[in-house]
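Take a look at the letters that make up each chain.
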Amino acid sequence: MGFKYSCSCSKWRFLALVFIAEFAFHGLSYAEKAPNFSFIQEATSAPAHSFYDYIIIGGGTAGCPLAATLSTVDANVLVLERGGSPYVNTTKIRMENFIPTLTDNSPDSFAQPFISDGVLNRRARVLGGGTVINAGYYSRAETFFLKQTGLDEALANDSYKWVENKLVYKPVVLQWQSAVRNGLLEAGVLPDNGFTYDHINGTKTGGTMFDKNGNRNTAADLLKYANPRRIKVYLHAVVQKIIFTTTKVGSRPKAEGVIFYDANGGKHTAFLQTDSRSEIILSAGTIGSPQLLLLSGIGPATQLQGLGIKVVLNQTMVGQEVADNPANGLIIPSPLPIELSVVIITGITEFGSYVESVSGFDFYGRFVSGAQSLANDFTTILNQTRKSSMAFREAVVNSTTNLGSIMEKVNGPISKGYLELQNTNANDNPKVRFNYFQAPEDLRKCVQGMKTVINVVNSKSFSRFRYRNTTIQDLIKMRVNIPVNLRPKHPNSTMSLEQFCIDTVTTMWHYHGGCQVGKVVDQDYKVLGVDSLRVIDASTFSFSPGTNPQATLMMLGRYMGRRILQSRRR
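Residues numbered from 1 in each chain as written. Predicted model: local features only at pLDDT ≥ 70, side-chain atom pairs only at ≥ 80, totals over all residues. Heavy atoms only, no water.

## Considerations on the sheet that holds strand E21 (residues 353–359)
What the 7 strands build is an open sheet, ordered E8-E9-E20-E21-E22-E19-E25; its pairing is mixed. The outermost strands of the open sheet, each flanked by one partner alone, are strand E8 (192–195) and strand E25 (506–507). Pairing geometry for E8 and strand E9 (residues 202–205), over 2 bridges, is parallel. For Phe195, the partnering residue across the bridge sits in E9 and is Thr205. Here helix H11 (residues 440–457) sits on the sheet and contacts strand E19 (326–333), E21 and strand E22 (403–410); the angle it forms with E22, its principal contact strand, is near 150 degrees. (Pairing = 2+ DSSP bridges. Helix = DSSP H or I, 4+ residues; strand = E, 2+ residues; numbered from the N terminus. Contact = heavy atoms within 4.5 Å. Axes fitted to C-alpha atoms, helices over the stretch in contact; angles between N-to-C directions.)

Below is the structure:
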């Protein structure tokens, strides 16, 4: 759209806070007694040179189950994670501290901010990846995903079950979420599918990564199933590039090692063993994996040469067709106290929009001016209709539990963008452009999704959680007036749902693409044109699977670990 955006640190923190209250960053708690993994160490303790059978770049949602699986045989596994451990400070990652944790922009925070198309986004920077900072919602992919990617259905289901048996719980559905569920049914999102992990049209209760005491499980917890004698995990290990060799002119490049730096700037090199079965596996995520391929010389030759990077392989599709699922919704003030709840109910519509909700979060706690502004907005609305606003104003400012959000997410999406390097510093974000709503079909789905959200808010089941005198138009105006992104606002955004979607679009952090199957990697996730290198993460997806991709990413890590071990035994 050609917009230019700038953002101060304070505004970053405020906008991130609003996002957190609405969708996916909804609680950060671990078991009170953190596991003691002796094989997890700071990268400063790494030797200058080392040798492994498998080197996994990224200890995230897919990387952790992959590493745990590969380490169970006679292979030595190295995991290089650019972030820290979620276990170091359990107070920091408890649910009640999720706001200060996620608005933390310090160099060692768990989420690194970036901007695309005026939408503020976040990429995980912690062992366990996105499972440490998301909504904890667990739901499998649609059957079509398995067919499109060529995954063996039996092994995929077995891999899902492996994750579910170790990390996932059936949630307790309390008042707010129950009202949303029943409102979805009234709105025609049928049938009621009850509790299920499966992706089925209708309204469902999905799994959760939170236990009954609010402690969160993450992909990092899967490392307890690793063989501690066969695995090493280095934290704050920033990989700068993959090292390639060619035996003769015209031969295929072969990955042989990586160069990484520790927190003190110390340089380390990890090499693959000479065994032909040894591999480097990129699991650095949608932003990190294509970025590292580019830094290593695999990508569009003109882009690489412009930055002085030696071209190993001219691969024009690296960084292409990245996408992010646009999300929009309403914030609803409740006249009744409501529970603290993360996403557990989903409405899966037939037209391609997913409706979810969270409630009870205090996203004003550290930003009084933001609370005051919102209260003023509501007061103005109510004064204009000559209704008393004092009690309402006090409720908005003082209560930490009287706000909820109902959101819709466009599936797919069809709109695609690109990722390209801005410089050669692996710590910096690349330039990312998602092109939200470039495809008219995505905008159509958003409008239909917002109509469903409105129908839920208007439903009889939801009526007790809505102020009687607050209209849908009031809620839309409030949403437009909250600075949820850096995009320009248009006068008709309160009257046109199309413009509302464009002006208030945000993210659920389900971005994907950049190393897609069939374009950058093959069906076995091996990088095309290169030996001993794979990519196993969301960058290989052409669309985001299910309502939340984390279940499928953990499954894929386990699945591909087993496939690689099967090949190793041959």
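Anyway, onward from the coordinates.
## With respect to the state of the cysteines
Linking two cysteines covalently via their sulfur atoms produces the bond known as a disulfide. Across all of its chains, the model carries 1 disulfide by this definition. Between Cys446 and Cys501 runs a disulfide, and the two sulfur atoms are separated by 2.1 Å. Sign of the S-S torsion, about -95 degrees for the bond between Cys446 and Cys501, identifies this disulfide as left-handed. A residue pair is termed long-range when its members are at least 10 positions apart, and Cys446 in helix H11 and Cys501 in helix H13 (residues 497–504) qualify at 55 residues. (Disulfide = S-S within 2.5 Å.)

## Quick notes on the pairing of strand E6 (residues 119–124)
For E6, the buried fraction is high: 5 of the 6 residues fall into the buried class. As judged from the 6 bridges shared by strand E5 (residues 111–116) and E6, these two strands associate in the antiparallel manner. When the sheet's bridge partners are listed, Ile115 is paired in E6 with Leu120. (Buried < 20%, exposed > 50% of the residue type's maximum accessible area, 1.4 Å probe, protein only.)

## Quick look at the nonpolar core
Core analysis: the biggest nonpolar cluster contains 139 residues, and Leu223, Val258, Phe260, Leu330, Ile406 and Leu533 have the highest contact counts within it. Here this core gets 9 residues from one element, more than from any other, and that element is helix H14 (residues 550–569). Beyond its immediate chain neighbours, meaning those up to four positions away, Leu223 contacts Phe37, Phe39, Ile40, Cys64, Ala67, Ala68, Leu127, Ile231 and Val233. (Core = buried A, V, L, I, M, F, W, Y, C linked by side-chain atoms within 4.5 Å.)

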